[in-house]
Amino acid sequence: MSPEDAPAPRSLAEALRGRDDASLAALLRHRPDLITPVPTDLTQLATRAGTRASVVRALERLDRFALQTAEALAVAGDPASYDELLGLMAGDKPDRAVVEALPGAVAALREQALVWGADDRLRLVRTARELLAPSPQHPSPTGLGPSVREATAGMSPGRIQEIVAAAGLPSTHDSVSAVAALSSLFSDRRRMKALLAKAPADSLDVLDRLVWGPPYGQVTADPAPRLRWLLDRALLLPTSPGTVVLPREVALHLREGRAHRAVEPVPPAVEPAVVHRPQVVDATAAGQAYTALTTVEELLKDWDEGGPAVLRAGGLSVRDLKRTAVALDVPEPVAAFWVELAYAAGLIASDGEADERYAATPEYDEWRERPAAERWARLARVWLSATRTAGVVGGRDLKDRALSALGPGLDRSAAPEVRRRVLTLLARLPEGGAPDAETVLARLRWERPLRTQGVSQPAQGQPHPSRGEDGDLRSRLARWTLSEAELLGVTGRGALSAHGRALLGADAEPEAGAGGTAVGSAAARNPTTALFDKAVASATDAEAAAADAARLLAPLLPEPLDHVLLQADLTAVAPGPLHRPLADTLGVLADVESKGGATVYRFTPASVRRALDSGQTASDLHAFLTAHSRTPVPQPLAYLIDDVARRHGHLRVGAASAYVRCDDDALLNEILADKRAAALRLRRLAPTVIAAQADPATLLEGLRAMGYAPAAESAEGDVVITRALAHRTPPRTAPVPVPDGPPVPDATLLAAAIRAIRAGDLASTAPRKAPDAAPLAPGELPRTGPAETLATMQAAVLTGDALWIGYVNAEGAASQRVIAPVRVEGGFVTAYDHTADEVRTYPLHRITGVAELADD
């Protein structure tokens, strides 16, 4: 029997049964929740596809035109023909764009099992109809009210006859025919036009106010004449005391057959607001990428010896975030972004100590040693897939608790998809094209209108959106994406850079068709659907894309320098980035005074003493500066180093509580006579030793504040070399993104799932020979005695016939299977199991019964 001659499906399960494997795979890719876990057969798959949670999730992933098509089907007849649907979408004067796009929308709804049936009998799944159809509690998005049949349900037959008579129709013998006559009147364009031609102008004004919704209105016990005229002719029907409704048929006549005021078959175009030269975009983005790296390094360097404390509820305090923002010289929201990005990349974490603090992880040390382009690609790839969203920091959750940086409650599962989609839209523009942000937001609202309206629910284990967030979370995520991409150097001057385009991988390829709006398949109609088909790229693909991005970025980044320019005012200018050993040593010997294209370092007595404390000698410092300066070492700097070195360590401070030791007793007399030393409570023990009632650290700081250069002394009398010890956390795992629902299955899982569903369906629907006993109820297992079961099995081994059996496993789970017995011995049957598509062995005592399959 050809597909054209096949009978029309009577249920969604039968419609799914008629699909091929490719169509089922497309359904399961669009709706991965349907195979979590894998259904036993197609009937269970259809049942699961009609559950409220699954239908809501599927509706949320429709674009605006597909959703409008579903809304039109919800107010159409059940079933509806394609021509009826086209009339509701295009009206009396069809728009060519609507006519061309509607087949693709219907195909998308069919593909996702929201609509089933042939074009002459289109059926919206019951749950979707309940969600989208109008009711007094939930008005339809179309603005249409109930039909005449629905509005008159529950009315007394006498009241219905009164309404029919008032409308000028002949009375009938029953309410059903009376309602049918009234519906026929309102659906007849010629008769309705003649009826409304007699209406008073103020009555037509009432209809104009209700026609596009909401269709409900209030009336008094004694309605005004303009309302009475409408009520007498059933153009307004009472639904409850004091409430009337405009019947759907009347509204459709006034709308010229259209279910929606504005139909949007074509997505809004994203056009470039300005076009820059691609070289300018790439250079700007590369400069910002380098700034991003230095910002993250500065943040981690600031937290190198132990960062801010962890709040009891987790996260950074507001005060610590402000301090971080000041240290990075950026606004607080931007500081929150950098902190969250470093955390998502696994570069910082809590140390887990009793006095818990944030610190760099061992991964940070490995990250620092990589080339600059690879370090940037790591950050960009993490940003693209992270669900933690810095933009919500500072908001409040449903319990009115503040959302803090690095704290809980920042995951927004839609963030990776929105980021990738925004960058993909930028990639569709000409190279160097920077769009107007509002056009990007308009496109996103068209692609996911239900989620834009804030109807989506958080994924399991994910917090609700914070209080104060508007329903349009996707638009907020898109705005944050545009600003964060600029901060990170993915875009430059608002346009996607070449390395940003490479970071997207396959998503950056041009769309098929003009403007990406070609009809025919769901993927061609809606780029978001194609993106959803692919879901998140595999780790291998993402790494390959990041490697390509790093390769393109590397030539644009400045080469590290091995020299500085020393100046007579005790400063050194680094005209570009420095090699890491040079930058680390110079960071100890001098203080950073200013940053920018060139970094200015200033030498001070304190910075030189810091270098000497780290174990350097004056000769080491002179040699270092001579080797790395393109200018001669200025005399003031050489004098500064020699002067500090001459005084460094002349005084020795050790632990008694603390003591000061010096071979120059005159210097000790000078210290004792200094009034600034009173707080240290010094006392002379010997000509060369002074004791203090303070700890060594306090004594060291006090003497240095008085202008001396003491050195710490060990218990053995040696100078203690003080180097800053980097505080690291134990090995930590970066936070895992919170998925937006079940993961999209790969090809292997899809093939296995479809094979299992097909096999289970074969077992549940295989025709069986009529048993002698009473027929089995649907889903009931066959029941036969042990002797009959054994005899039937042995006969099937000889004939090679397939059998239908009921089987209970060791856990007590019952199932139906179709098997072809191969051998029966020792209380076991070895058979080819069509359900599992493999040879298995079953204990005979676990088989509840057996039945032969019908010959056909």
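Residues numbered from 1 in each chain as written. Predicted model: local features only at pLDDT ≥ 70, side-chain atom pairs only at ≥ 80, totals over all residues. Heavy atoms only, no water.

**Some points on the overall build of the protein**
Part 1: A tally of helices and strands in the protein yields 36 helices and 25 strands.
Part 2: Considering only residue pairs separated by 6 or more positions, the protein has 67% of its internal contacts joining residues 24 or more positions apart.
Part 3: Total accessible area computed for the protein in this model is approximately 40,400 Å², and 54% of it derives from carbon and sulfur atoms. (Helix = DSSP H or I, 4+ residues; strand = E, 2+ residues; numbered from the N terminus. Contact = heavy atoms within 4.5 Å. Areas by Shrake-Rupley, 256 points an atom, 1.4 Å probe, with all protein chains shown as cover.)

**Details of the pairing of strand S4 (residues 237–240)**
Part 1: In the sheet, S4 pairs with strand S5 (residues 243–245) via 3 bridges, with the strands oriented antiparallel. Bridge assignment links Leu-237 to a residue of S5, and that residue is Val-245.
Part 2: What sits between S4 and S5 in their antiparallel hairpin is a turn of 2 residues, with Gly-242 showing a positive phi close to 85 degrees. (Pairing = 2+ DSSP bridges.)

**A closer look at the confidence of the model for the protein**
Part 1: Residues at a pLDDT of 70 or more form 87% of the protein, whose mean pLDDT is 83.
Part 2: Of the regions scoring below 50 in pLDDT, residues 454–470 engages in 36 contacts with residues more than four places distant in sequence or in other chains.
Part 3: Below pLDDT 50 for its whole length, residues 512–537 participates in 61 contacts with residues either more than four positions away or in separate chains. (pLDDT = per-residue confidence, 0-100.)

**A look at the sheet that holds strand S3 (residues 216–218)**
Part 1: As summarised here, the arrangement of the 3 strands in space is S3-S5-S4, forming an open sheet in which the pairing is antiparallel. What marks the edges here is a single partner per strand, and that holds for S3 and S4. Between one strand axis and the next, the sheet turns by 40 degrees as a mean value, whatever way the strands run.
Part 2: Where S3 meets S5, 3 bridges bridge the pair, whose relative direction is antiparallel. The residue bridging Gly-217 from the neighbouring strand is Val-244, located in S5. (Axes fitted to C-alpha atoms, helices over the stretch in contact; angles between N-to-C directions.)

**Describing the packing of aromatic side chains**
Part 1: Applying the stated rule across the entire model yields 4 aromatic pairs.
Part 2: Ring geometry for Tyr-807 versus Tyr-842: centroids 4.8 Å apart, planes at 70 degrees, classification edge-to-face. Here Tyr-807 is found in strand S21 (residues 803–808), whereas its partner Tyr-842 is found in strand S24 (residues 838–843), with 35 residues between them in sequence.
Part 3: On the accessibility criterion, Tyr-842 (3% relative accessible area) is buried.
Part 4: Over the ring of Trp-367 we find Arg-375; its NZ or CZ atom is 5.5 Å from the centre of that ring. (Phe/Tyr/Trp six-rings, centres within 6.5 Å; stacked < 30°, edge-to-face > 60°. Buried < 20%, exposed > 50% of the residue type's maximum accessible area, 1.4 Å probe, protein only. Lys NZ or Arg CZ within 6 Å of the ring centre and 35° of its normal.)

**Details of the nonpolar core**
Part 1: Leu-16, Leu-182, Phe-186, Leu-235 and Leu-236 are the most contacted members of the largest nonpolar core, which totals 93 residues.
Part 2: Top contributing element to this core by residue count: helix H5 (residues 64–75), with 8 residues.
Part 3: Aside from chain neighbours lying at most four places away, what touches Phe-186 is Val-148, Met-192, Arg-233, Ala-234, Leu-235, Pro-247, Glu-249, Val-250 and His-253.
Part 4: Ranked by size, the runner-up nonpolar core spans 73 residues in total, among them Leu-299, Val-310, Phe-337 and Ala-377. (Core = buried A, V, L, I, M, F, W, Y, C linked by side-chain atoms within 4.5 Å.)

**A word on unusual backbone geometry**
Part 1: Across the junction of Thr-36 and Pro-37, the peptide omega takes the value 0 degrees, indicating a cis bond.
Part 2: Within the secondary structure, Pro-37 is located in the loop between helix H2 (21–30) and helix H3 (42–49).
Part 3: Of note, the bond from Asp-78 into Pro-79 is cis; its omega dihedral lies within 30 degrees of zero at 5 degrees.
Part 4: On the secondary structure map, Pro-79 appears in the loop between H5 and helix H6 (82–90).
Part 5: Even without being a glycine, Leu-570 presents a positive backbone phi close to 65 degrees.
Part 6: One can find Leu-570 in the loop between strand S12 (565–567) and strand S13 (571–574).

**Things to note about H3**
Part 1: Looking only at H3, the buried set comprises Leu-42, Leu-45, Ala-46, Arg-48 and Ala-49. Down the axis of H3, the buried side of the element spans an arc of 165 degrees, and every buried residue falls inside it.
Part 2: Regarding H3, its N-cap is Asp-41, as a side-chain oxygen of that residue lies 3.2 Å from the backbone nitrogen of Thr-43 further along. (Arc of directions from axis to C-beta. Polar contact = N/O pair within 3.5 Å; in protein donor to acceptor, adjacent residues only side chain to side chain.)

**What about the packing of helix H21 (residues 415–427) against helix H22 (residues 437–447)?**
Part 1: Two elements in contact, H21 and H22, have axes whose closest approach is 11 Å; the angle formed by their N-to-C orientations is 125 degrees. When the axes of H21 and H22 are compared, the pair comes out oblique. Crossing handedness for the pair H21 and H22: right-handed. Listed contacts from H22 to Val-418, Arg-421, Val-422 and Leu-425 of H21 are Val-440, Arg-443, Leu-444 and Glu-447.
Part 2: For the contact of H21 with H22, a count of residues per class yields 5 nonpolar, no polar and 3 charged. (Parallel < 35°, antiparallel > 145°, perpendicular 65-115°, else oblique. Left-handed = near helix turned anticlockwise from the far one by under 90°. Nonpolar A, V, L, I, M, F, W, Y, C, P; charged D, E, K, R; others polar.)

**So, the sheet that holds strand S23 (residues 828–833)**
Part 1: The 5 strands are arranged S24-S23-S22-S21-S25 in an open sheet whose pairing can be described as antiparallel. Each having just a single partner strand, S24 and strand S25 (847–852) make up the two edges of the open sheet. Strand-to-strand twist across the sheet, computed as the mean angle between neighbouring axes with direction ignored, equals 45 degrees.
Part 2: Here S21 runs beside S25; their pairing, made up of 5 bridges, is antiparallel. Among the inter-strand pairings, Trp-804 is bridged to a residue of S25, identified as Ala-851.
Part 3: Together, S21, strand S22 (814–825), S23 and S25 form the strand contacts of helix H36 (residues 786–799), whose direction differs from that of S22 by roughly 65 degrees.

**What to know about the pattern of salt bridges**
Part 1: On inspection of all chains with the given rule, the structure shows 33 salt bridges.
Part 2: With a shortest N-O distance of 3.9 Å, Asp-78 and Arg-129 are connected by a salt bridge. Residue Asp-78 is found in the loop between H5 and H6, and its partner Arg-129 is found in helix H8 (residues 126–132); the two are separated by 51 residues along the sequence.
Part 3: For Glu-438, the salt bridge identified is with Arg-479, shortest N-O distance 2.7 Å. (Salt bridge = Lys/Arg side-chain N within 4 Å of Asp/Glu carboxyl O.)

**Comments concerning the environment of Glu-249**
Part 1: Position of Glu-249 relative to the elements: it lies in helix H15 (residues 248–254).
Part 2: Spatially, the C-alpha atom of Glu-249 lies 9.3 Å from that of Asp-188, the residues being 61 residues apart in sequence.
Part 3: Setting aside residues no more than four positions away along its own chain, Glu-249 makes contact with Ser-147, Val-148, Ser-183, Phe-186 and Ser-187.

**Here's the deal with the packing of helix H17 (residues 318–328) against helix H18 (residues 332–344)**
Part 1: The geometry of H17 relative to H18 is characterised by a closest axis approach of 9 Å and an angle of 95 degrees between their N-to-C directions. When the axis of H17 is compared with that of H18, the two are roughly perpendicular. Residues Leu-321, Lys-322, Thr-324 and Ala-325 of H17 touch H18, and the partners they reach there are Glu-332, Ala-335, Ala-336 and Val-339.
Part 2: For the contact of H17 with H18, the per-class residue count stands at 5 nonpolar, 1 polar and 2 charged.

**Description of the side chain of Thr-361**
Part 1: Among the structural elements, Thr-361 can be located in the loop between strand S8 (358–360) and helix H19 (362–368).
Part 2: With residues up to four places along the chain from it excluded, the contact list for Thr-361 reads Gly-346, Leu-347, Ile-348, Ala-349, Arg-728, Thr-729 and Arg-732.

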